[in-house]
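# Architecture at a glance
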Amino acid sequence: MSQAQTIPGPIPARGTALVVGASLAGLALAISLARSGLAVDVLERAEEERQGGTGLRLWGGMGETSRRRDGSGTAMPSIASIASAGAPGPEGWATVRRRLADAAALEPGVSIHYESEVVDIGQDAETAWASDANGKVHVADILLGADGHRSLVRRSVDPAHPDASYAGYMIWTGKAPYDAAPGWAEGRNHMDMITLPHGDGVMIVGETKTNGEPRRYFWQWYDPTSNDYLRETGALVDDVSQYSLVNERIAASKYQDIHERSAHWPEPWGRIVRHSVKQRRIIATPIAEYVPRRLMHGRIAIIGDAAHVPSPMTGAGFDTGLADAETLGALTQRGVVGPRGRKVLNAYEKQRLGTAQRMVRSGQGFGRSLLERTTG
Ligand SMILES: Cc1cc2nc3c(=O)[nH]c(=O)nc-3n(C[C@H](O)[C@H](O)[C@H](O)COP(=O)(O)OP(=O)(O)OC[C@H]3O[C@@H](n4cnc5c(N)ncnc54)[C@H](O)[C@@H]3O)c2cc1C
């Protein structure tokens, strides 16, 4: 490799990893690799403080504790229990991200570099590297892409199949304070699915856990009737989802349309949606799907939404990313230096590819039935 190396300091015996993306999967992965004794640099294009997102359903099915694999054997909370704070159930995306970021910051082997957008990656027989938009080149034994549904890293792993494709429907999401419909969720901590009248699609509704934070409702409306609008705005180009429309980037006429349609929906959800309309606080996301054909190439691999993009209806995207991270952590405990790096990533692909493919395909079944129901 001809470029300058910028990672200073002693090289740990078990090796080094670069992770692209410090969202849910990337942070979980950084913690998992550090627990196996690797030194991990995480490169994230966004700033450290981030808001947004909607409710995630956390299953917490992976046990409450795990042990460090760095030779110490110290018992630690499992990454799933860090994410859920020990109580599975619906939770806000920003809360989960903050918990994982705090835990990653406490790991001695992890360094997170915010405002570092990766613009190019590469590899040779011994190393993998990432160039960021600030002109730095970061080098490690292995490179893992946790860079989401429009992954740059995926382009190197499977250049013939680089893009997630549009599922044919979108999702509107919003939140509202508890006093928008006081009492509805009293004593409950759950989510419901509602089929909306007039072919308007379906809605997932619920209340996030409290954990000392204000109670909030969230709603997610799966809408197969707004494809033309997405194309007009540029959020959808050809078959590829480009970005979400957030708050004021949604046209006033579209807010008006949602307001009018919500008059037919069951209460209190019509009212809660109208609260989000009034505040102009709604996110519109074209749903992308990606069934992977491979998860690694040489010293580079992908995890989380970079590796598999399911419909959110599966409720499994985050948990599958967590399982990817735990698998990679377990496989790297004997190190990733030299030929081991490629072997470890090869074993990761063998263990995780089938699960990832099945998970995405299960969501495609929901999409087909939604489209059939609403288009007759
Ligand atoms: C409405 C909705 C509801 C959902 N509900 C659930 C649920 O109930 N349960 C569940 O398990 N899953 C759910 N999911 C899925 C879950 O949210 C995703 O699977 C998960 O957030 C993906 O996390 P990720 O870290 O892989 O990707 P992302 O969150 O997309 O993160 C990618 C990160 O990489 C960064 N990045 C991208 N490119 C670069 C670059 N070039 N350089 C540096 N950084 C880069 C981005 O800034 C971002 O921080 C839901 C999804 C949606 C949309």
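Presented here is an overview of the structure given in this document. (Residues numbered from 1 in each chain as written. Predicted model: local features only at pLDDT ≥ 70, side-chain atom pairs only at ≥ 80, totals over all residues. Heavy atoms only, no water.)

## Here's the deal with the side chain of R261
So the rule is basically this: Segments assigned H or I by DSSP are reported as helices when at least four residues long, segments assigned E as strands when at least two residues long, and all are numbered from the N terminus. The buried label applies to any residue whose accessible area, calculated with a 1.4 Å probe on protein chains only, is under 20% of its type's maximum; exposed applies above 50%, and partly exposed to all values in between. Two N or O atoms form a polar contact when they lie within 3.5 Å of each other; inside protein one atom must be a possible hydrogen donor and the other a possible acceptor, and for residues adjacent in sequence the pair counts only when both atoms belong to side chains. We call two residues contacting when some pair of their heavy atoms lies within 4.5 Å.
With respect to the helices and strands, R261 occurs in helix α6 (residues 252-262). Assessed through its relative accessible area of 14%, R261 is described here as buried. At a separation of 3.0 Å, a polar atom in the side chain of R261 contacts the side chain of D200. Residue contacts for R261: discarding those within four places in its chain leaves D200, W221, D223 and T225.

## Here's the deal with the pairing of strand β14 (residues 202-207)
Heads up, the condition is: Two strands qualify as a pair provided DSSP detects at least 2 bridges between them.
Among the six residues that make up β14, six are buried, leaving the element largely enclosed by the rest of the structure. The alternating pattern of β14 places V202, I204 and G206 and M203, V205 and E207 on opposite faces, both of which are buried. Summarising the sheet, strand β13 (residues 191-195) and β14 pair through five bridges and their orientation is antiparallel. Bridging from a neighbouring strand, M193 pairs with I204 of β14. Between β13 and β14, which follow one another and run antiparallel, lie six residues, and H198 among them has a positive phi close to 60°. Bridging between β14 and strand β15 (residues 216-223) involves six bridges; their strand directions are antiparallel. Across the sheet, E207 pairs through a bridge with Y217, a residue of β15.

## Some words on the packing of aromatic side chains
Between two aromatic rings, the relevant description is the distance of the centres plus the angle of the planes. Quick note on the threshold: Side-chain rings of Phe, Tyr and Trp, where Trp is taken by its six-membered ring, are said to pair if the distance between their centres is within 6.5 Å; with planes under 30 degrees apart they count as stacked, over 60 as edge-to-face, and otherwise as tilted. In this scheme, the term charge over a ring applies when either NZ of a lysine or CZ of an arginine sits within 6 Å of the ring centre and within 35 degrees of the ring normal.
Under the definition given, this model contains seven aromatic pairs. On the basis of an interplanar angle of 70° and a centroid distance of 4.7 Å, the ring pair of W221 and W265 is categorised as edge-to-face. Within this pair, whereas W221 is found in strand β15, its partner W265 is found in the loop between α6 and α7 (269-279), the two being separated by 44 residues in sequence. We note that W221, like W265, is buried. For the pair Y222 and F366, a centre-to-centre distance of 5.4 Å together with 80° between the ring planes defines the contact as edge-to-face. Taken together, the residues span a long stretch of sequence, with Y222 in strand β15 and F366 in helix α9 (residues 339-375) at a distance of 144 residues. In terms of burial, Y222 and F366 fall into one category: buried. Against the face of Y290 rests R154, its NZ or CZ located 4.0 Å from the ring centre.

## A word on the pairing of strand β2 (residues 39-43)
How we decide: Orient the strands so they point away from the viewer; a crossover is then right-handed if the path from the first strand over the helix to the second runs clockwise.
Most of β2 is tucked away: four of the five residues are buried. Taking the sense of rotation as the criterion, the β-α-β connection linking strand β1 (residues 16-20), helix α1 (residues 24-35) and β2 turns out right-handed. Relative to strand β7 (residues 110-113), β2 runs parallel, the two being bridged by four bridges. Paired with D41 across the two strands is S111, which belongs to β7.

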